[in-house]
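# Notes for the structure review
Each chain, written out:
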Amino acid sequence: MSVQSEVDRVSAVLERVPWSTWVMSSSHDGQRSGVLVRWVQRCSNEPVLLSVSVEKCHAMETLIRDSRGFALNLVDETDRLLIRKFEGYTPPDEHSDPFDTLAVETWKSGSPILKRAIAAVDCEVVRHLDLESDCEMFIGQVLDARVVSG
C-alpha cells in the first residue's frame, strides 16, 4: 500500500470525528486574549470535564496558566468577523485586547464570554498536558455552561 493511500485512508476516518468552531478565551490581571480552537471534547461526567487541544505557542498560554481558567465560546461558522479576529491570534503588543470592540460578559473564571456566541462553557483548569506534537491540551472542569444567543 502506498504512503499516499494510507494518508487518504486515515484522513477519511478522521474527517468523521465531529468538531466545531470555538473561541477559547482567558483573562488575568487586566489582560484578555482568545484563540480559535476546533477540538473540544467531553471527557468525564462526574465531574464534568472537557478537553481542549490548542496549537502550541498561542497568545493565551500564560493567561491560562496564571488564571487557572478559560472559557469556550461556540461561534457560528459563518461569523467571519470572529473567525478572522481569533484564528491564530497573536497580539501585536502586550496591551492589545481582541475583545475591546466586542460585547462580552464574565462568569466564575473571569474569562471573556462573547455575547454573540451560540453557547459558552466556563472552566477551571484541572490538567495541562504538553503533548509531543504541534498541540497542547487543557482539561477543564465545567463551572457553568449556557446557551448565550439564539
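In case you missed it, the structure is sitting above this.
Keep in mind that this is a model prediction, so the values were computed, not measured. (Residues numbered from 1 in each chain as written. Predicted model: local features only at pLDDT ≥ 70, side-chain atom pairs only at ≥ 80, totals over all residues. Heavy atoms only, no water.)

## What to know about a nonpolar patch on the surface
Nonpolar side chains collect at one region of the surface, where Val10, Val13, Leu14 and Val17 lie side by side and expose about 350 Å² of accessible area between them. Following the sequence through the fold, Val13 ends up in helix α1 (residues 3-14). (Patch = residues over 30% accessible without salt bridge, like charges linked within 9 Å, V, L, I, M, F, W, Y side chains within 5 Å. Areas by Shrake-Rupley, 256 points an atom, 1.4 Å probe, with all protein chains shown as cover. Salt bridge = Lys/Arg side-chain N within 4 Å of Asp/Glu carboxyl O. Helix = DSSP H or I, 4+ residues; strand = E, 2+ residues; numbered from the N terminus.)

## Some thoughts on the environment of Ser11
Within the secondary structure, Ser11 is located in helix α1. Residue Ser11 is classed as partly exposed on the basis of its relative accessible area, which comes to 33%. Taking the C-alpha atoms as reference, Ser11 lies 26 Å from Leu72; in sequence the two are 61 residues apart. (Buried < 20%, exposed > 50% of the residue type's maximum accessible area, 1.4 Å probe, protein only.)

## Regarding the nonpolar core
With 18 residues, the main nonpolar core has Met24, Val37, Phe70 and Leu72 as its most contacted residues. Looking at this core, the elements with two or more residues in it are β1 (22-28), β2 (31-37), β4 (49-55), β5 (69-74) and β8 (119-129). The element contributing the most residues to this core is β8, with four residues. Leaving out residues up to four positions away in the same chain, Leu72 has contacts with Trp22, Val23, Met24, Val37, Val40, Leu50, Val52, Ala119, Ala120 and Val121. With 10 residues, the next largest nonpolar core counts Leu36, Val75, Phe99 and Leu114 among its residues. (Core = buried A, V, L, I, M, F, W, Y, C linked by side-chain atoms within 4.5 Å. Contact = heavy atoms within 4.5 Å.)

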